[in-house]
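Residue strings, one per chain:
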Amino acid sequence: MNKCVCIAHAENIGQESGGTIRVASLAEGLVEAGYDVHIVAPKPRSNTEIPDQLSEVEIHTVPVTSKGTLDQIPRALTVSWKARQVAKQHNAILQVERGTLAGFLTLFGESGYVLDLHDIGFNGPLYQNLPLSPLVTRFVEWMERRGVQKANEVIAVSEPMQRFVEEEWNATETAVIHNGVRPEILEYGNERSVESAPNEV
């Protein structure tokens, strides 16, 4: 069994967001399970720091910053290319965060990865007000579908998302890992109400 995982993540790993918290929690869990974990991500901005929970993870940065919608394509291409190199160098299982990033990886001929699908982006608000929005939306949907279909396994954050990728995009090997809650970032609440349940990160 391969005990090394390379996670491709196209967001600022030093900025606390839902996606980055999920990635850090998954990476931490893999380390605790005995895996060597590498994360490929854009170089964090100077005013952000790598989370402490990634202290045992090797971070490989690429020289692009995470600025939002306008730099998504160069960021995805750069992270994809570097993640392929790191995974091959370490004979690692490749895990890709988000369907659009997986779609870009497939343009380099990549398949057989694990896809952690945080959301379905093509029908969200991010692309609705752009110039040529209908074309952009169709392109994003095509990339996400392609990313799902080329994956060996798809991890969804919910059962409805799991059903969607199985029924609409023909995903065959799927699992659900819900987003959990990190008690240390909550200002209130009792511990029992914020403990992670099984299958949550």
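Okay, so let's go over this structure. Everything numeric here is computed off the predicted structure, so don't read it as measured data. (Residues numbered from 1 in each chain as written. Predicted model: local features only at pLDDT ≥ 70, side-chain atom pairs only at ≥ 80, totals over all residues. Heavy atoms only, no water.)

## With respect to helix α5 (residues 159-167)
Threshold: Buried, partly exposed and exposed residues are distinguished by accessible area as a fraction of the type maximum, computed with a 1.4 Å probe on protein chains only: under 20%, between the cut-offs, and over 50%, respectively. Segments assigned H or I by DSSP are reported as helices when at least four residues long, segments assigned E as strands when at least two residues long, and all are numbered from the N terminus. By arc we mean the arc of the directions from the helix axis to the C-beta atoms, nothing more. Whether two residues are in contact is decided by their heavy atoms, any of which lying within 4.5 Å being enough. Under this definition, polar contacts are N or O atom pairs within 3.5 Å; protein pairs additionally need one hydrogen-donor-capable and one acceptor-capable atom, and for neighbouring residues in sequence, both atoms have to be side-chain atoms.
Where α5 is concerned, the buried positions are M161, Q162 and V165. Buried residues along α5 cover an arc of 105 degrees about the axis, so they all sit on one side. Its buried side turned inward, α5 meets β5 (114-117), α4 (133-149), β6 (153-156) and β7 (174-176). The distance from a side-chain oxygen at the start of α5 to the backbone nitrogen of M161 is 3.2 Å, and the residue carrying that oxygen is S158.

## Describing the packing of helix α3 (residues 99-106) against α4
As a reminder, the rule being used: Only C-alpha atoms enter the line fits that serve as axes; for helices the fit covers just the stretch in contact. Angles between N-to-C directions range over 0 to 180 degrees. Comment on the angle field: the value is read as roughly parallel under 35 degrees, roughly antiparallel over 145, roughly perpendicular from 65 to 115, and oblique elsewhere. Under this grouping Gly is polar, as are all residues other than the nonpolar Ala, Val, Leu, Ile, Met, Phe, Trp, Tyr, Cys and Pro and the charged Asp, Glu, Lys and Arg.
Contact pair α3 / α4: the axes reach a minimum separation of 7 Å and the direction vectors enclose 75 degrees. Relative to α4, the element α3 is oriented roughly perpendicular. Facing G99, T100, A102, G103, F104 and T106 of α3, the residues of α4 in contact are F139, V140, M143, E144, R146 and G147. Class assignment for the residues of the contact of α3 with α4 results in five nonpolar, five polar and two charged.

## Describing the pattern of salt bridges
As a reminder, the rule being used: One speaks of a salt bridge when a side-chain nitrogen belonging to Lys or Arg is within 4 Å of a carboxyl oxygen belonging to Asp or Glu.
The final tally for this structure, using the stated rule, is five salt bridges. Where D116 meets R22, a salt bridge forms, and the shortest distance between an N and an O atom there is 2.8 Å. You can see D116 sitting in strand β5 and its partner R22 sitting in helix α1 (residues 18-32), a full 94 residues away along the chain. The same class applies to D116 as to R22, namely buried. Note that R84 is salt-bridged to E110, the shortest N-O span being 2.9 Å. Of this pair, R84 sits in helix α2 (residues 72-89) while E110 sits in the loop between α3 and β5, placing them 26 residues apart in sequence. Of the two residues, R84 and E110, neither departs from the other in class, the shared state being buried.

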